[in-house]
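Each chain, written out:
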Amino acid sequence: MSRSIGLDATLTDYIRNANPDESPALKRCRTETDAREDAVMQVSPEQGAFMKMIARMLNAKTAVEVGVFTGYSALATAETLKELHGPQARLMACDVSHDFIGIAENYWKEGGVADVIHPVIGDARQSLIGLINDGYSERVDMMFIDADKTGYPDYYTSGLTLLRPGGVMLFDNVLWNGSVTDDDKVAADADTAALRDIASTINADARVHNAFTAIGDGLLIAMKR
């Protein structure tokens, strides 16, 4: 079961019971994904609830996700986007895997948001550049980055172009189960090093406001000034 770092089962249950209920499609996506061997890639329900609130606070209409997996985070975000803006809402869901997109689409259809989610299959570096070339510069309200960790710097660079002023990027797994505090692991592993680097880069970047949180496996939030 995916849950925020440092929470035991009792606190996890308490937080989840204090949050709004998941939609049936979200609950099915989560419970079925929990049975997979790679379930660790799933975001926690409390993170999904947080993302829905961020989307609502931004009055988000257009969003981009990098790294779809089985579709939980995109579904959570799209539910709020569509509630706020109806069929004019758009979420571009970028993933390299046809298989994951195929799984996710079943949950999106069940949740009634397949019409506002647009899968973009391929290398997300190129997919984001494609969105820029298609005229999405400074039109995106919200981005969620949960893909290959060595790609985070490139996703951040493109994201700053895509986001409108006041738009928000969320970077997942920035605690990497605590490995980012271990200098030996940082030296030996490119993913761990990339996660430490992106945290330092964003914290020093005057173009954004930022906050580092312990939601999920660490969620780094950057708002474009």
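Residues numbered from 1 in each chain as written. Predicted model: local features only at pLDDT ≥ 70, side-chain atom pairs only at ≥ 80, totals over all residues. Heavy atoms only, no water.

Attention now moves to the overall build of the chain. When its secondary structure is counted, the chain shows nine helices and seven strands. For 225 residues, the compact-globule estimate of 2.2 N^0.38 gives 17 Å, and the C-alpha radius of gyration of the chain, at 16 Å, lies within 12% of that figure. On the principal axes, the C-alpha backbone points of the chain span a range of 45 × 45 × 30 Å. The proportion of buried residues among the 225 residues of the chain is 51%. Residue pairs at least 24 apart in sequence account for 72% of intrachain contacts in the chain once pairs closer than 6 positions are excluded. Here the chain has roughly 10200 Å² of accessible surface; of this, 52% comes from carbon and sulfur atoms. The centroid of the 21 positive side-chain charges in the chain is displaced by 7 Å from the centroid of its 33 negative side-chain charges. (Helix = DSSP H or I, 4+ residues; strand = E, 2+ residues; numbered from the N terminus. Rg over C-alpha atoms; globule rule 2.2 N^0.38 Å. Buried < 20%, exposed > 50% of the residue type's maximum accessible area, 1.4 Å probe, protein only. Contact = heavy atoms within 4.5 Å. Areas by Shrake-Rupley, 256 points an atom, 1.4 Å probe, with all protein chains shown as cover. Lys, Arg positive; Asp, Glu negative; His and termini not counted. Charge placed at Lys NZ, Arg CZ, Asp CG, Glu CD.)

For the largest pocket, the calculated volume is near 740 Å³. Of all elements in the fold, only β2 (90-95) and α6 (124-136) reach the threshold of two or more residues within the lining of the largest pocket. Each residue belonging to the lining of the largest pocket can be placed in one class, and the counts come to 16 nonpolar, 10 polar and 11 charged. Looking at the second largest pocket, its volume works out to about 430 Å³. (1 Å grid on protein atoms, 1.4 Å probe; cavity = no way out; pocket = protein on both sides within 12 Å on 5 of 7 lines; lining within 4 Å. Points joined across faces, edges and corners; volume = space filled by probe spheres on them. Nonpolar A, V, L, I, M, F, W, Y, C, P; charged D, E, K, R; others polar.)

With that out of the way, let us pick up the packing of aromatic side chains. Tallied over the full model, the rule gives three aromatic pairs. Ring geometry for Phe 69 and Phe 100: centres 5.1 Å apart, planes at 80°, overall edge-to-face. Taken together, the residues span a long stretch of sequence, with Phe 69 in the loop between β1 (62-66) and α4 (72-85) and Phe 100 in helix α5 (residues 98-110) at a distance of 31 residues. A relative accessible area of 6% means that Phe 69 is categorised as buried. The ring centre of Tyr 136 lies 4.4 Å from the NZ or CZ of Arg 139, which sits over that ring. (Phe/Tyr/Trp six-rings, centres within 6.5 Å; stacked < 30°, edge-to-face > 60°. Lys NZ or Arg CZ within 6 Å of the ring centre and 35° of its normal.)

Judged by pairing direction, the sheet is mixed, and its seven strands sit side by side in the order β3-β2-β1-β4-β5-β7-β6 without closing on themselves. Whereas interior strands pair on both sides, the edge strands pair on one side only; in this sheet they are β3 (117-121) and β6 (208-213). Neighbour-to-neighbour, the strand axes of the sheet open up by a mean angle of 15°, direction not taken into account. In this sheet, β3 lies alongside β2 in parallel orientation, the contact comprising five bridges. (Pairing = 2+ DSSP bridges. Axes fitted to C-alpha atoms, helices over the stretch in contact; angles between N-to-C directions.)

The biggest cluster of nonpolar side chains holds 34 residues, and the ones touching the most others in it are Leu 91, Trp 108, Ile 117, Met 142 and Leu 170. Elements represented by at least two residues in this core include exactly α2 (24-34), α3 (45-58), α4, β2, α5, β4 (140-145), β5 (163-172) and β7 (219-224). In terms of residue count, the dominant contributor to this core is α4 (six residues). Beyond its immediate stretch of four places on either side in the chain, Leu 91 contacts Ala 63, Glu 65, Ala 74, Thr 77, Ala 78, Leu 81, Val 116, Ile 117 and His 118. (Core = buried A, V, L, I, M, F, W, Y, C linked by side-chain atoms within 4.5 Å.)

Before going further, it helps to examine unusual backbone geometry. The bulk of non-glycine residues show a negative phi, and the bulk of peptide bonds are trans. Located in the positive-phi region is Asn 59, a residue other than glycine, with phi close to 50°. As for its position among the elements, Asn 59 is in the loop between α3 and β1. The backbone phi angle of Phe 69 is positive, close to 55°, even though this residue is not glycine.

In this fold, Asp 217 is placed in the loop between β6 and β7. With no salt bridge to any partner, buried Asp 217 finds its closest opposite charge in Lys 149, at an N-O distance of 7.2 Å. With residues up to four places along the chain from it excluded, the contact list for Asp 217 reads Ile 5, Asn 173, Val 174, Leu 175, Trp 176 and Asn 177. (Salt bridge = Lys/Arg side-chain N within 4 Å of Asp/Glu carboxyl O.)

Within this structure, the stated rule accounts for zero disulfides. Here Cys 29 stays unpaired: no disulfide links it, and the sulfur of Cys 94, its closest cysteine neighbor, is 18 Å away. What makes Cys 29 buried here is its relative accessible area of 0%. (Disulfide = S-S within 2.5 Å.)

Under the defined criterion, the tally for this structure stands at one cavity of 30 Å³ or more. The volume enclosed by the largest cavity comes to roughly 50 Å³. Every residue lining the largest cavity is listed: Met 41, Gln 42, Val 43, Gly 67, Val 68, Phe 69, Thr 70, Gly 71, Tyr 72, Ser 73 and Asp 146. Its residues assigned to classes, the lining of the largest cavity shows five nonpolar, five polar and one charged.

So yeah, pure geometry; function would need other evidence.
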